[in-house]
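Chain by chain, the residues run as shown.
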Amino acid sequence: MSASAVFILDLKGKPLISRSYRGDVSAADVEPFLALLLQREEEGAPAPLLAHGGVHFLWIKHANLYLVAATKKNANASLVYAFLYKVVEVFSEYFKELEEESIRDNFVIIYELLDELMDFGFPQTTDGKILREYITQEGNKLDTGKWRVPTTVTNAVSWRSEGIKYKKNEVFIDVVESVNLLVSANGSVLLSEVVGTVKLKVFLSGMPELRLGLNDRVLFELTGRGKNKSVELEDVKFHQCVRLSRFDSDRTISFIPPDGDFELMSYRLNTQVKPLIWIESVIEKFSHSRVEIMVKAKGQFKKQSVANGVEIAVPVPSDADSPKFKSSAGAARYLPERNLVLWTIKSFPGGREHVLRARFGLPSVEREEGEGRPPVSVRFEIPYFTVSGIQVRYMKIIEKSGYQALPWVRYITQSGDYQLRTS
C-alpha cells in the first residue's frame, strides 16, 4: 500500500493541491507538517519522514514546492518515495517546469492526473506517454478524448499501446558507462566503480518481442563458455517490461518494449579502473608575489579512441589574481567565483599528453590561515568505448507480421564523479 493522501504545498506551507484516496487523512492533518519540518531544520536534523498525531508524512522538495504523502498505515516507504518522484516526472512532462505557478494554472488537469496515478492508495498508471492518450492539454483546458478508456489501462502490457505503425522499423541501443574515480595524492586509487545504463529508442510496429543478449559472465558459465570477454554485472535493475522470471532462469533479457525512449536496465561494476585521464598538478608559491601551477594530463586509453569535450577543473588559491596561461592544447580560463582554472580540450586522443602552465599574482599581505587543496575534477566523453568491456551480442526482434528491423548499437564512456587529489 502507498499513501492515503497526497498534498502539494508552497514553501510557506499553504496547501495548493489536496487529494485524499482513503478518507482517513484530510487537509487539516497536514497543517502541523511544515511547522514540524521547520523546527527540525532549525535543529539541524531534518528527516525525510515526519510523524504527528498518528499520521506519517513522507515528503520531497522540488523547486519551490513540497510534495507530501500522508498515511496512517504501515506503508512501504520506498514505494511512496518512488511514487512522489514519478509524480514530479509526469507533471514535468505536462507543464515543462513544475513550480508553484504551473500548479495554480493547471488545477483541473492535476486533479485528473492524480486520479489516474493512484487509486485507493495504490499506484496505477504512472507512464506519461500512456496518460497522454486520454488526458491531453490545450492551454489550461482538458480534453478527455470522448471518454474513451485506452486499452493500455486494462492491457497486460500497460506500457505500450496497440496499433503502432512505422514505415521503417528500427531500434537504437545506447550502452552508456559512467566512471566514478577518486585517486589519492600519492597516486593510489581510493574509489573505483562503473555505473552503466542500457537505453533504447524504439521505432517498431505492432507488439514486438525483443531479446537482448549481452556477454554476461553468469550466462557464459551456464552455457559452458569461457570467462574471456565476459563481464560480471552487479546491482542489475530492469524496466518493468522485462520478464524477470525468464532472466532469473536462463539470463535472457526478454521484453515487449515501450514506444520511443526508455531505460531498459542499469548495472554497476566494482572493478579496479585504470584512470582514463591521468592528472599531475604541481603548485609553487613565491611568497608575496605570485603562484605558478603546472598541470599535466595524459590519456591512458587506447590510441584509436578519442575523448571529447574534456574539462579539467584545477583549484587555485582564493586570493589569486592576474592570470596568465600557456597550454599545449585547448584553452584555459579563470573562474574566480569558483576559485579554479577550467582547462577545456575539445578532442583528446588516447596516449597523448598535454601540459598547462598557469601563473597568478598574489596580494602582498600573506594569508594567515592555510588552505586545503581541493581535488582536480575531470569531465569527458569517449564514444565507441566501454571500460567494462560489455558487449551487445545480439538483438532479436520477433513480431507476428514478420517484418525485418534494424538494431543499431552505440557505446559511450563518460566521467561520473571523477576526482584526483594532488600534492
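K.L.:
Could you give an account of the overall build of the chain, naming the residues involved and the relevant values?
P.N.:
The number of helices and strands found in the chain is 8 helices and 25 strands. For the chain, the residues scored as buried account for 45% of the 423 residues in total. Contacts spanning at least 24 positions in sequence make up 69% of the contacts within the chain whose residues lie at least 6 apart. Just so you have it, the chain exposes about 22,200 Å², and 49% of that area is on carbon and sulfur atoms.

K.L.:
Would you mind going over helix 2 (residues 77-95) in detail, with residue names and values included?
P.N.:
For helix 2, which comprises 19 residues, the first-to-last C-alpha distance of 27 Å matches the rise-based estimate of 27 Å (1.5 Å per residue) to within 8%. Listing the buried residues of helix 2 in full gives V80, Y81, F83, L84, V87, V88, V90, F91, Y94 and F95.

K.L.:
Quick one: what's the story with the sheet that holds strand 25 (residues 406-420), residue by residue and with numbers?
P.N.:
Taken in spatial order, the 9 strands of this open sheet run 13-15-11-10-25-23-18-21-20, and their pairing is mixed. Unpaired on one side and paired on the other, strand 13 (234-238) and strand 20 (331-335) mark the two borders of the sheet. When strand polarity is set aside, the average angle formed by the axes of neighbouring strands in this sheet is 15°. Relative to strand 21 (residues 340-349), strand 18 (residues 306-315) is paired through 9 bridges, and the arrangement is antiparallel.

K.L.:
I'd love a proper account of the sheet that holds strand 14 (residues 253-255), names of residues and values included.
P.N.:
Reading across from one edge, 14-12-24 is the order of the 3 strands in this open sheet, with antiparallel pairing throughout. Edge positions in the sheet fall to strand 14 and strand 24 (392-398), since each has one partner strand and no second. Each neighbouring strand pair of the sheet contributes to a mean axis angle of 15°, computed without reference to strand direction.

K.L.:
Describe the environment of E399, listing the residues and the values that go with them.
P.N.:
Along the chain, E399 turns up in the loop between strand 24 and strand 25. What makes E399 buried here is its relative accessible area of 13%. Along the chain, E399 and L210 lie 189 residues apart, while their C-alpha atoms are 8.8 Å from each other. Look past the residues within four positions of E399 in its chain and what remains in contact with it is S205, G206, M207 and P208.

K.L.:
Just give me the short version of the side chain of S178, but keep the residues and values in it.
P.N.:
Here S178 shows up in strand 10 (residues 170-183). Using a relative accessible area of 17% as the deciding quantity, one classes S178 as buried.

K.L.:
Explain the pattern of salt bridges to me, using residue names and the numbers behind them.
P.N.:
Counting across every chain of the model gives 14 salt bridges. Between R268 and D235 there is a salt bridge, with its nearest N and O atoms 2.5 Å apart. Within this pair, whereas R268 is found in strand 15 (residues 260-269), its partner D235 is found in strand 13, the two being separated by 33 residues in sequence. Look at D235 and you get partly exposed, because its relative accessible area is 42%.

K.L.:
Report on helix 1 (residues 31-42), specifying residues and quantitative values.
P.N.:
Turning to helix 1, its buried residues number three or more, namely F33, L34, L36 and L37. Buried residues of helix 1 fall within an arc of 165° about the axis and therefore sit on the same side. Summarising the geometry of helix 1, the exposed residues directed more than 90 degrees from the buried face are E31, A35 and E42.

K.L.:
An account of the packing of helix 2 against helix 4 (residues 107-117) is needed here, citing residue identities and associated values.
P.N.:
The geometry of helix 2 relative to helix 4 is characterised by a closest axis approach of 11 Å and an angle of 140° between their N-to-C directions. In terms of axis orientation, helix 2 runs oblique to helix 4. Crossing of helix 2 against helix 4: the hand is right-handed. Seen from helix 2, the contacting residues are F83, V87, V90, F91, Y94 and F95; seen from helix 4, they are I109, I110, L113, L114 and L117. In the contact of helix 2 with helix 4, the residues fall into 11 nonpolar, no polar and no charged.

K.L.:
I'd like to hear about a negative patch on the surface, residue by residue, with values.
P.N.:
On the surface, a cluster of negative charge is contributed by E97, E99, E101 and D105. Within the secondary structure, E101 sits in helix 3 (residues 100-105). Residue classification places E101 among the exposed residues on the basis of a relative accessible area of 52%.

Criteria and thresholds
- Residues numbered from 1 in each chain as written.
- Predicted model: local features only at pLDDT ≥ 70, side-chain atom pairs only at ≥ 80, totals over all residues.
- Heavy atoms only, no water.
- Helix = DSSP H or I, 4+ residues; strand = E, 2+ residues; numbered from the N terminus.
- Buried < 20%, exposed > 50% of the residue type's maximum accessible area, 1.4 Å probe, protein only.
- Contact = heavy atoms within 4.5 Å.
- Areas by Shrake-Rupley, 256 points an atom, 1.4 Å probe, with all protein chains shown as cover.
- Expected span 1.5 Å × (residues − 1).
- Pairing = 2+ DSSP bridges.
- Axes fitted to C-alpha atoms, helices over the stretch in contact; angles between N-to-C directions.
- Salt bridge = Lys/Arg side-chain N within 4 Å of Asp/Glu carboxyl O.
- Arc of directions from axis to C-beta.
- Parallel < 35°, antiparallel > 145°, perpendicular 65-115°, else oblique.
- Left-handed = near helix turned anticlockwise from the far one by under 90°.
- Nonpolar A, V, L, I, M, F, W, Y, C, P; charged D, E, K, R; others polar.
- Patch = residues over 30% accessible without salt bridge, like charges linked within 9 Å, V, L, I, M, F, W, Y side chains within 5 Å.
- Lys, Arg positive; Asp, Glu negative; His and termini not counted.
- Charge placed at Lys NZ, Arg CZ, Asp CG, Glu CD.

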